[in-house]
Amino acid sequence: MANLTLYPATLQWAVEESDADPVALSRRRGLGQLPDWLESKEPVSVSFNKVEQLSRALHVPFGALVRSVVPQRRLEPLVQYRTVGNTSVQPSKNLQDTIDQMRFRQEWARDELLESGLDANPLVGSVQDAEHNDALADAFRSTLGLDGRSAWEGGNSSDRFRQIKERASNAGIMIMLNSQVGSVSSRKLDLQEFRGFVLIDDMAPLVFINRNDSFDGMIFTLIHEVGHVLLGTQELFDGIGGQGDRKAMERAINRAVVKAVIDDDRFRRLWQEKLDEGQEPADAAESIADDFHLSALAMGIQARQFGLTGEDTLEELQTRMNRHLQDKAVHHQDRESHGNGNRTNASRVDTGFVRLVNAAMDGGRLAPTEGFDLVGVRSPQSYQGLIREKKLI
């Protein structure tokens, strides 16, 4: 495989960014020349495998290492004002790197769409006010096909998630998901830090979902984040209903998500039916959630807002959810590490985005190595497997 050109300034940035000891790294097999590369006055030629090894060792995206211009860490508006209580919270490097990767994809897609002469996506900012959650719920139904009980009958939560993801993608919203940073299994994304985020752009809106969540949880997060696209606001979703001035908007969006699937009168009726059957409030929330493929905690929050239950129910549901996610994390990590690699790669990246990259490569506008980096694969074989899974060949 051909060598790649690395630039000393970019390498120096990568080492500083990862806070790594270059001497210690140079003791690893294949990286003995790292000190020489860092001190070189000219670009250096390095094998593909060594660049890949360096990317893993430094926890720096492969594509960033081969850039001739040092990447600049921008002040990320999604995370710069995050607080818990009154304490400022610094984002993890895993979260920052994931946002950076998604912005890189979004910026490339925007340029490609503009070059193709396409118009802006009319969904972005099409709903004026989250407080009028009837209008937002109606927009959810029409955009994601949530109209009518038949939309939720049969199948399971994984089927429903894939259906809604496909509908959102068909509407021009890029849906990305992962349980880790890129392909680095040791860099697992923390569900306690975030469940998803949305990056607003009038041409290429992008939603990212933390794959460590349950399918019911991911369905709720996905619909919630599509709400931000409809409102034209970007956001990092941590599942706790927003912070500071954002709380009112986040709660209004959450109400619209539930209302899009279960109207208010029906929710009250179903809740009372469950209680009349002798179920405890937390069990009633889980039962309704199972029927409609949404999270039990979301059902509990809705009931609390209607005055049908108290904070103790929410605490119980939160405890159950945390226990379930801890059990799930072990099985999911094992499934990803031993599953079908092509299918896993395909699940992480939006189909419309892959189609755009594939067309640019076919048209000679994008070099293969750049295209591979954009869709998160490392080799022609993996790329062919990806587009086969996406049914693009």
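Residues numbered from 1 in each chain as written. Predicted model: local features only at pLDDT ≥ 70, side-chain atom pairs only at ≥ 80, totals over all residues. Heavy atoms only, no water.

Participant: What should I look at first to understand the overall build of the protein chain in this one?
Facilitator: In terms of regular secondary structure, the protein chain is built from 18 helices and 10 strands. Taking all 393 residues of the protein chain together, the buried fraction comes to 50%. In the protein chain, once contacts between residues fewer than 6 apart in sequence are set aside, the share between residues at least 24 apart is 70%. When the accessible surface of the protein chain is totalled, it reaches about 18,600 Å², and 47% of it is carbon and sulfur. (Helix = DSSP H or I, 4+ residues; strand = E, 2+ residues; numbered from the N terminus. Buried < 20%, exposed > 50% of the residue type's maximum accessible area, 1.4 Å probe, protein only. Contact = heavy atoms within 4.5 Å. Areas by Shrake-Rupley, 256 points an atom, 1.4 Å probe, with all protein chains shown as cover.)

Participant: Help me understand helix α11 (residues 264-276) in this model?
Facilitator: Every α-helix winds through 3.6 residues per turn, so residues three or four apart in the chain are directed the same way. Here α11 spans 18 Å end to end across 13 residues, near enough to the 18 Å set by a 1.5 Å rise per residue. Buried within α11 are the following residues: D264, F267, L270, W271 and K274. One face of α11 carries all of its buried residues, which in axial projection span an arc of 125°. The exposed residues of α11 that point more than 90 degrees off its buried face are D265 and D276. Where α11 is buried, its residues contact α10 (247-261), α12 (281-292) and α13 (296-305). (Expected span 1.5 Å × (residues − 1). Arc of directions from axis to C-beta.)

Participant: Would you explain the pattern of salt bridges in this entry?
Facilitator: Where charged atoms from two side chains of opposite charge come close, those side chains can pair. Counted under the stated rule, the structure contains 18 salt bridges. Across the pair K259 and D134 runs a salt bridge, and its minimum N-O distance is 2.9 Å. Taken together, the residues K259 in helix α10 and D134 in helix α7 (residues 133-144) connect sequence positions 125 residues apart. Residue classification places K259 among the buried residues on the basis of a relative accessible area of 10%. We note a salt bridge from R141 to D138, for which the minimum N-O separation is 2.5 Å. Residue R141 and its partner D138 are located together in helix α7, separated by three residues, close to a single helical turn. Taking relative accessible area as the criterion, R141 reaches 22% and is therefore assigned partly exposed. A single network of salt bridges, built from pairs that share partners, joins D134, R255, K259 and D264. (Salt bridge = Lys/Arg side-chain N within 4 Å of Asp/Glu carboxyl O.)

Participant: What is the right way to look at the packing of α12 against α13 in this model?
Facilitator: When two helices pack together, their arrangement is given by the angle between the helix axes and the distance between those axes. Running from amino to carboxyl end, α12 crosses α13 at an angle of 120°, the nearest separation of the two axes being 8 Å. The angle between α12 and α13 places the two elements in the oblique class. For the pair α12 and α13, the crossing hand works out as right-handed. Facing α12, whose interface residues are A285, E286, I288 and A289, α13 presents A296, M299 and G300. When the residues that make up the contact of α12 with α13 are grouped by side-chain class, the tally is five nonpolar, one polar and one charged. (Axes fitted to C-alpha atoms, helices over the stretch in contact; angles between N-to-C directions. Parallel < 35°, antiparallel > 145°, perpendicular 65-115°, else oblique. Left-handed = near helix turned anticlockwise from the far one by under 90°. Nonpolar A, V, L, I, M, F, W, Y, C, P; charged D, E, K, R; others polar.)

Participant: Teacher, can you tell me more about the pairing of strand β8 (residues 196-199) here?
Facilitator: Sheet faces and side chains relate simply in a regular strand, where the side chains alternate between the two faces. Neither face of β8 is left uncovered, since the one carrying G196 and V198 and the one carrying F197 and L199 both have all their residues buried. In sequence, β8 turns back onto strand β9 (residues 206-210) through a hairpin of six residues. Relative to strand β10 (residues 235-237), β8 is paired through three bridges, and the arrangement is antiparallel. When the sheet's bridge partners are listed, F197 is paired in β10 with L236. (Pairing = 2+ DSSP bridges.)

Participant: I would appreciate a short explanation of the sheet that holds strand β5 (residues 174-178) in the present structure.
Facilitator: Adjacent strands of a sheet pair through backbone hydrogen bonds, lying either parallel or antiparallel. With mixed pairing, the four strands of this open sheet are ordered in space as β5-β9-β8-β10. Here the strands that pair on one side only, and so sit at the sheet edges, are β5 and β10. Adjacent strand axes in the sheet meet at a mean angle of 15°, parallel and antiparallel pairs treated alike.

Participant: I keep staring at the nonpolar core and nothing clicks. Help me out?
Facilitator: Soluble globular proteins tend to bury their nonpolar side chains together. With 57 residues, the main nonpolar core has F140 and M299 as its most contacted residues. In contact with F140, not counting residues within four places along its chain, are G145, L146, I223, V226, G227, L230, I253, A256, V257 and A260. L189, F197, M361 and L386 belong to the second-largest nonpolar core, a separate cluster that totals 36 residues. (Core = buried A, V, L, I, M, F, W, Y, C linked by side-chain atoms within 4.5 Å.)

Participant: What am I meant to see in unusual backbone geometry here?
Facilitator: A negative phi angle is the norm for most residues apart from glycine, just as the trans form is the norm for most peptide bonds. Notably, H293 is not glycine yet its phi reads approximately 55°, a positive angle. With a relative accessible area of 6%, H293 lands in the buried category. Located in the positive-phi region is K391, a residue other than glycine, with phi close to 60°. Looking at the element boundaries, K391 is found in the segment after α18 (380-389).

Participant: Can you help me understand the packing of α7 against α10 in this one?
Facilitator: Running from N to C, α7 and α10 cross one another at 50°; their axes reach a closest spacing of 8 Å. Of the possible angle classes, the one that applies to α7 and α10 is oblique. The element α7 and its partner α10 pack so that their crossing is right-handed. Contact residues: α7 offers N133, D134, L136, A137, F140 and R141, while α10 offers A252, I253, R255, A256, V257, K259 and A260. Each residue belonging to the contact of α7 with α10 can be placed in one class, and the counts come to eight nonpolar, one polar and four charged.

Participant: Would you mind going over the packing of aromatic side chains with me for this structure?
Facilitator: To describe a pair of aromatic rings, one takes the distance between the centres and the angle between the planes. Counting across every chain of the model gives nine aromatic pairs. Members of the aromatic cluster, connected to one another through ring pairs, are F194, F197 and F208. The ring centre of F104 lies 4.4 Å from the NZ or CZ of R67, which sits over that ring. (Phe/Tyr/Trp six-rings, centres within 6.5 Å; stacked < 30°, edge-to-face > 60°. Lys NZ or Arg CZ within 6 Å of the ring centre and 35° of its normal.)

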